[in-house]
Amino acid sequence: MNAPQQGEFDFAAAGRPVGLTAWQEARRQAARAVAEKLGLPLDQNVEARLSDGVVLRGRLRLREETLFLEHVDTANVELAIGRATFRHSEIEACVRIE
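Quick caveat, the model's predicted, so the values are computed rather than measured. (Residues numbered from 1 in each chain as written. Predicted model: local features only at pLDDT ≥ 70, side-chain atom pairs only at ≥ 80, totals over all residues. Heavy atoms only, no water.)

K.L.:
Can you break down helix α1 (residues 19-38) residue by residue, with the values?
P.N.:
Spanning 20 residues, α1 covers 29 Å between terminal C-alpha atoms, matching the ideal 28 Å at 1.5 Å per step. Three or more residues of α1 are buried, namely Arg27, Ala30, Val34, Ala35 and Leu38. Considered in projection along α1, the buried side chains sweep an arc of 140 degrees and stay on one side of the axis. Looking at the packing, one finds that the buried side of α1 touches β3 (78-81). In the stretch just after α1, Gly39 is the one whose phi turns positive, near 70 degrees. (Helix = DSSP H or I, 4+ residues; strand = E, 2+ residues; numbered from the N terminus. Expected span 1.5 Å × (residues − 1). Buried < 20%, exposed > 50% of the residue type's maximum accessible area, 1.4 Å probe, protein only. Arc of directions from axis to C-beta. Contact = heavy atoms within 4.5 Å.)

Shown next as structure tokens:
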């Protein structure tokens, strides 16, 4: 009786990302889409002025890593700069700084 042969993986043939690389690229695209929806420069250094007068400087990010970025509620999304957290609706002004 012949044992079935195991197929070989052809890692170089595809020419398009597979596995982890494809997932990471999909996450980057989803993060860009969320940033575009919010109108904010996520993962960039910013100066943000909140409605209560507080001014924060640092890298703007989502407060929590979200598994499905496509389902982020942009009205209630929580953001963070450093250890300070706030809602999108609390931002009065936000500018990207170099």
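K.L.:
Go over the nonpolar core, please, and point to the residues and values.
P.N.:
General note: in soluble globular proteins, nonpolar side chains tend to be found buried as a group. Membership of the largest hydrophobic core comes to 17 residues, with the highest contact counts inside it found for Leu38, Leu42, Leu60, Leu79, Ile81 and Phe86. Elements with a minimum of two residues in this core: α1, β1 (45-50), β2 (55-62) and β3. The residues touching Leu60, leaving out its near neighbours within four places in the chain, are Leu40, Pro41, Leu42, Asp43, Gln44, Val46, Leu79, Ala80, Ile81, Phe86 and Cys94. (Core = buried A, V, L, I, M, F, W, Y, C linked by side-chain atoms within 4.5 Å.)

K.L.:
How would you summarise the pairing of strand β4 (residues 84-87) if you had to cite specific residues and measurements?
P.N.:
Alignment of β3 against β4, held across four bridges, turns out to be antiparallel. Residue Ala80 lies in a different strand from β4, and its bridge partner there is Thr85. Hairpin connection of β3 to β4: two residues between the antiparallel strands, including Gly82 at a positive phi of 65 degrees. (Pairing = 2+ DSSP bridges.)

K.L.:
Which residues make up the environment of Asp73, and what values go with them?
P.N.:
By the element assignment, Asp73 lies in the loop between β2 and β3. For the pair Asp73 and Leu38, spaced 35 residues apart in the sequence, the C-alpha separation amounts to 9.9 Å.

K.L.:
Explain the pattern of salt bridges residue by residue, including any values.
P.N.:
This structure, assessed with the given rule, holds eight salt bridges. Between Asp43 and Arg59 there is a salt bridge, with its nearest N and O atoms 2.6 Å apart. With Asp43 in the loop between α1 and β1 and Arg59 in strand β2, this residue pair connects regions lying 16 residues apart in the sequence. Accessibility expressed as a relative area gives 41% for Arg59, which makes it partly exposed. Here Glu92 makes a salt bridge to Arg49, at a shortest N to O gap of 3.0 Å. With Glu92 in strand β5 (residues 91-96) and Arg49 in strand β1, this residue pair connects regions lying 43 residues apart in the sequence. Each of Glu25, Arg28 and Arg32 takes part in one network of salt bridges that share partners. (Salt bridge = Lys/Arg side-chain N within 4 Å of Asp/Glu carboxyl O.)

K.L.:
Any details on the sheet that holds β1? Residues and values, ideally.
P.N.:
If you trace the five strands from one edge of the open sheet to the other, you get β4-β3-β2-β1-β5, paired in antiparallel fashion. Each of the sheet's edge strands pairs with one partner strand only, and the pair in question is β4 and β5. Strand-to-strand twist across the sheet, computed as the mean angle between neighbouring axes with direction ignored, equals 40 degrees. Two elements, β1 and β2, share five bridges in a ladder whose sense is antiparallel. In the strand pairing of β2, Glu47 is matched with Arg57. (Axes fitted to C-alpha atoms, helices over the stretch in contact; angles between N-to-C directions.)

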